[in-house]
Amino acid sequence: MQQGATYTHTGHRYVLGYGADFYGIWDRAAPSEPVERFPRDDGGWQSAWQRFGQLEPGGVPVGGGPPVGGSLPVAAAGYPAGGGVYARRTNGMAVAALVLGIVWIYGVGSLLALIFGLLARGDIDRSGGAQGGRGMAVAGIVLGIIGLVGAIALFTVYAINPEAFDTR
């Protein structure tokens, strides 16, 4: 931990803060010195904030008072000090992809399952471990593909022989 540094925002790996004459970004794996420094002026803060946002899109304000025991700060959303196990949230689109893949709805659910599954998988991969549910997203993708193939087959059979669906 940098002596005299104040930390303002934290994420899974990086922490944003400032010292007497600079703004900085610290790496939790090597917290003694900032990995990036910016001048202590408005432009420096803007640059530091933008860079921190690139590194930690889910960063949150630091909560809970001063750092304890020489470790980096605890974040308001349950990020532990100095690294460790993080509370992961399940991606909502992954859940929706799985449910829609099961429901089918004449292929509409399958198409939505495929779309939501692909979007969710990308979000989960970019979250750096903050989101879970990749298995549900993949299952939604697979069920979506199977459902779309089934819907195409069903509509093809109907187009060729509509009498096959006549129940009279």
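Keep in mind that this is a model prediction, so the values were computed, not measured.

Calculation rules
- Each chain has its residues counted from 1, following the order in which its sequence is written.
- The model is predicted, so local features are restricted to residues of pLDDT at least 70 and side-chain atom pairs to those at 80 or more, both for listing and for counting; the totals for chains, interfaces and linings are taken over all residues.
- Side-chain descriptors were evaluated using all non-hydrogen atoms of the structure, hydrogens and water having been removed beforehand.
- Secondary structure is summarised from DSSP: a helix means a run of H or I of at least four residues, a strand means a run of E of at least two, and numbering begins at the N terminus for each.
- Only heavy atoms matter for contacts: two residues are in contact if any of them lie within 4.5 Å across the pair.
- Under the rule applied, a polar contact is a pair of N or O atoms within 3.5 Å (in protein, one hydrogen donor and one hydrogen acceptor; residues adjacent in sequence only if both atoms are side-chain atoms).
- The definition of a nonpolar core used throughout is a set of buried Ala, Val, Leu, Ile, Met, Phe, Trp, Tyr and Cys residues joined through side-chain atoms within 4.5 Å.
- Exposed residues in this analysis have more than 50% of their type's maximum accessible area, buried residues have under 20%, and partly exposed residues fall in between, with area computed by a 1.4 Å probe over protein chains only.

Chemist: I would appreciate a short explanation of the environment of Y18 in the present structure.
Modeler: By secondary structure assignment, the location of Y18 is in strand β2 (residues 14–18). A C-alpha to C-alpha distance of 9.1 Å links Y18 and W45, two positions 27 residues apart in sequence. Not counting residues within four places of it along the chain, the set of residues in contact with Y18 comprises G4, A5, T6, T8, Y23, G24, W26 and R40.

Chemist: I'm lost on the side chain of T10 in this one. Help?
Modeler: With respect to the helices and strands, T10 occurs in strand β1 (residues 6–10). A distance of 2.4 Å separates the side chain of T10 from the side chain of R28, its partner in a polar contact.

Chemist: What exactly am I supposed to notice about the nonpolar core here?
Modeler: When a protein is soluble and globular, its nonpolar side chains tend to lie buried together. Core analysis: the biggest nonpolar cluster contains seven residues, these being Y14, L16, Y23, I25, F38, A48 and F52. For this core, the elements supplying multiple residues, two or more each, are β2, β3 (22–27) and α1 (42–55). When near neighbours in sequence (up to four residues on either side) are disregarded, L16 contacts Y7, T8, H9, G24, I25, W26, W45, A48, W49 and F52. Listed in part, the five residues of the second largest apolar core include Y7, V15, F22 and W26.

What is shown is where atoms sit, not what they do.
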